[in-house]
Amino acid sequence: MSNFVLETINLSHIYSKGTTSQVDAIRDICLKIEKGELVGVIGHTGSGKSTLIQHFNGLLKGTSGTVLLDGSDIWADKSKLRNVRFRVGICFQYPEYQLFEETVYKDVAFGPKNMKLSDSEVDLRVREAISFVGLDESYLEKSPFDLSGGEKRRVAIAGVMAMKPDVLILDEPCAGLDPKGRETVLNLIKDYRETTESTVIIVSHSMEDISKLATKVLVMNNSRLAYYGTVDEVFSHAEELKEMGLNIPQITGLFLRLKEKGFDVRTDIYTLEKAKDEILKLLKGGCL
Amino acid sequence: MISDITIGQYYKAESFIHKLDARAKIILTVLFIALIFLCKNFISLALTLVMVILSVLLSSVPVKMYIKSLKPIIPIVLFTAVLNMFYTGGENVVFSFKGITLTSEGIFTAIFLAARIVLLIIASSILTYTTVPTMLTDAIEKLLSPLKLFKVPVQSWAMMMTLALRFIPTLIEEIEKITNAQKSRGADFESGRLLQRIKAVIPIIIPLFVSSFRRASDLAYAMSCRCYTGADTRTRMKQMKMRIRDFVCIIIFITSIAGVILLNNLFGAVI
Ligand SMILES: Nc1ncnc2c1ncn2[C@@H]1O[C@H](COP(=O)(O)OP(=O)(O)O)[C@@H](O)[C@H]1O
Ligand SMILES: [Mg+2]
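What comes next is a walk through the structure. (Residues numbered from 1 in each chain as written. Chains lettered and ligands numbered in written order. Predicted model: local features only at pLDDT ≥ 70, side-chain atom pairs only at ≥ 80, totals over all residues. Heavy atoms only, no water.)

## Focus: the overall build of chain B
For step 1, the next point in the chain: Helix and strand counts for chain B stand at 11 helices and 2 strands.
For step 2, the next point in the chain: Helices and strands in chain B line up, N terminus first, as α-α-α-α-α-β-β-α-α-α-α-α-α.
For step 3, the next point in the chain: The C-alpha radius of gyration computed for chain B amounts to 24 Å, which surpasses the reference 18 Å derived for 271 residues by more than 25%, pointing to a less compact arrangement than a globule.
For step 4, the next point in the chain: Out of the 271 residues in chain B, the part that is buried amounts to 37%.
For step 5, the next point in the chain: The contacts of chain B with a sequence gap of at least 6 include a subset with a gap of at least 24, amounting to 75%.
For step 6, the next point in the chain: Entry remark: accessible area of chain B is about 16500 Å², with carbon and sulfur atoms responsible for 71%.
For step 7, the next point in the chain: Separation of charge centres in chain B, based on 29 positive and 15 negative side chains, amounts to 3 Å. (Helix = DSSP H or I, 4+ residues; strand = E, 2+ residues; numbered from the N terminus. Rg over C-alpha atoms; globule rule 2.2 N^0.38 Å. Buried < 20%, exposed > 50% of the residue type's maximum accessible area, 1.4 Å probe, protein only. Contact = heavy atoms within 4.5 Å. Areas by Shrake-Rupley, 256 points an atom, 1.4 Å probe, with all protein chains shown as cover. Lys, Arg positive; Asp, Glu negative; His and termini not counted. Charge placed at Lys NZ, Arg CZ, Asp CG, Glu CD.)

Structure (structure tokens):
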């Protein structure tokens, strides 16, 4: 058994192929995602992030190329595609707009019920999922439409978590939330991964968030895979990232500016700790 | 894919027909339909066909686009044509076998039926491919404005129509998004009995309604913020103007109708 939970081989996708409005959304993507990683996907708007992740559970089929889940082609047997969707759970951008049941309980149970689990197992999963997202059980009997925006978002995320997918994918889970809501959502995703030891993929605009959370970073640029590696590796390309129009973490930006001014500093720094060390080193070196 | 539907799809180009006044184009389309249904023999049908081909060529819209709009209805056309072929009675039996008879009247009916439907679709496609939907509703509003005398709220209707057209692509996009989200949670839209399938769309319909209502109320706020108080007092930024070429086209079409009627009488009707 390979160590890679998801692999893509020369994956490309063209929307509306053969018409005047043809778009090459992703091109020749080759990547291997190890089990248990928390992958942060970044890239400018329209770089193909959402398109890429929709290939991971077979919502889209590549115009060419293959997607392997645990080493086997997800399109090899079409009747198993639904199983793939249970193993790779995607939570889309603004997931609160997909809520439809009368109660939170029923909505969260939608996924597990589709998996044909027993009633007691469904019940267990719903309660587990709702606690993952930091809501107490009094929410279960409420109508999802009566909740606040942030709570709705969390209920929708719970709906995907309740399926306990091997790979949990979240497309911009913090879009449109206030700073406090963002932090809550990011923390609960982190906790979920630590508890379940599953692989998590987060699409985000914010380098800041990604640098705090992720173990690996995947950078998309103009439909192509620009970088895939550890946070350190990717942020060592800070200048290139900036050219791609990505807002690098503030701290990295600071060091980039220092370098421009002629100081001999590293530019792959994104945490306060490392920044402190680097600046101390600089001071000791007597440059200032 | 659901987004392949081509209702009211505008094809951007700078052709003669694109530049015609939208009101003229609606009138021309009505005349076209009259033309198509007045043909009663092959010579008048040929004249109509020439008119259609000329218009298609003048529209600068690729023939491929017209074929695309015809594709979905071809099975229906063939089916009705074949049915008509066998069920139309007549004296001139061409062929008879085991109680099935084929008359020349039947064959002609089938040909005319198929030709009329196809031409009808093409004629209306010319209109929708060459006219922006909002121009179309504006034009309908103008053409129906005499009804205002009878206190019919033509302008409000036109506004509703414009908004409805505007939101068709948005709704289609929304349906796709919600469907993908529910599929990701294991919703199954492809298998099961009829009742199960009907139930399966609930997770799509409800979020769709919720977001449509939200969108409608947002839109209403946005419109009142821009002082929309009803349609009657609005003026237009782009004034519509009938030019000589619009009148020339209408005259050509009326002449053709006269021509078709003449040809029908000269050569006799076959159906
Ligand atoms: N359903 C679709 N049909 C046609 N084009 C699309 C569709 N979805 C996305 N695109 C196009 O594909 C490109 C990549 O989009 P997307 O994957 O949504 O990027 P991102 O999520 O990085 O913003 C964009 O140019 C977008 O316009
Ligand atoms: Mg996106």
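## Digging into unusual backbone geometry
All names here are of chain A.
For step 1, the next point in the chain: The phi angle at lysine 116 is positive, at roughly 60°, despite the residue not being glycine.
For step 2, the next point in the chain: Its place among the elements puts lysine 116 in the loop between α3 (104-114) and α4 (119-132).
For step 3, the next point in the chain: Residue classification places lysine 116 among the exposed positions, given a relative accessible area of 66%.
For step 4, the next point in the chain: Non-glycine residue lysine 164 carries a positive phi angle of around 45°.
For step 5, the next point in the chain: With respect to the helices, strands and loops of the structure, lysine 164 is situated in the loop between α5 (149-161) and β7 (167-171).
For step 6, the next point in the chain: We classify lysine 164 as partly exposed; its relative accessible area is 37%.

## Considering the site of ligand 1
All names here are of chain A.
For step 1, the next point in the chain: Looking at ligand 1, the residues that line it are Tyr15, Val23, Ala25, His44, Thr45, Gly46, Ser47, Gly48, Lys49, Ser50 and Thr51.
For step 2, the next point in the chain: Here a nitrogen atom of ligand 1 and a side-chain polar atom of tyrosine 15 are 3.5 Å apart.
For step 3, the next point in the chain: A distance of 3.2 Å separates an oxygen atom of ligand 1 from a polar atom in the backbone of serine 47.
For step 4, the next point in the chain: Out of a free accessible area of 560 Å², ligand 1 has 62% covered by protein chains.
For step 5, the next point in the chain: Elements represented by at least two residues in the shell around ligand 1 include exactly β2 (23-34) and α1 (49-56).
For step 6, the next point in the chain: The greatest single-element share of the shell around ligand 1, amounting to 3 residues, is contributed by α1.
For step 7, the next point in the chain: Taken together, the residues of the shell around ligand 1 break down into 3 nonpolar, 7 polar and 1 charged. (Near = heavy atom within 4 Å. Polar contact = N/O pair within 3.5 Å; in protein donor to acceptor, adjacent residues only side chain to side chain. Nonpolar A, V, L, I, M, F, W, Y, C, P; charged D, E, K, R; others polar.)

## A few points about the side chain of threonine 131 of chain B
All names here are of chain B.
For step 1, the next point in the chain: One can find threonine 131 in the loop between α6 (104-130) and α7 (133-144).
For step 2, the next point in the chain: Here threonine 131 falls in the buried class, since its relative accessible area comes to 4%.
For step 3, the next point in the chain: There is a polar contact of 2.7 Å between the side chain of threonine 131 and the backbone oxygen of leucine 127.
For step 4, the next point in the chain: If near-sequence neighbours (up to four positions away) are discounted, threonine 131 is found in contact with Tyr10, Ala22, Lys25 and Leu136.

## Let's talk about the nonpolar core
For step 1, the next point in the chain: Within the largest apolar cluster, 55 residues are counted, with the highest numbers of intra-cluster contacts made by Val108, Val219 and Leu241 of chain A.
For step 2, the next point in the chain: It is α5 of chain A that provides the largest number of residues to this core, a total of 6 residues.
For step 3, the next point in the chain: With 36 residues, the next largest nonpolar core counts Val61, Ala123, Cys249 and Ile257 of chain B among its residues. (Core = buried A, V, L, I, M, F, W, Y, C linked by side-chain atoms within 4.5 Å.)

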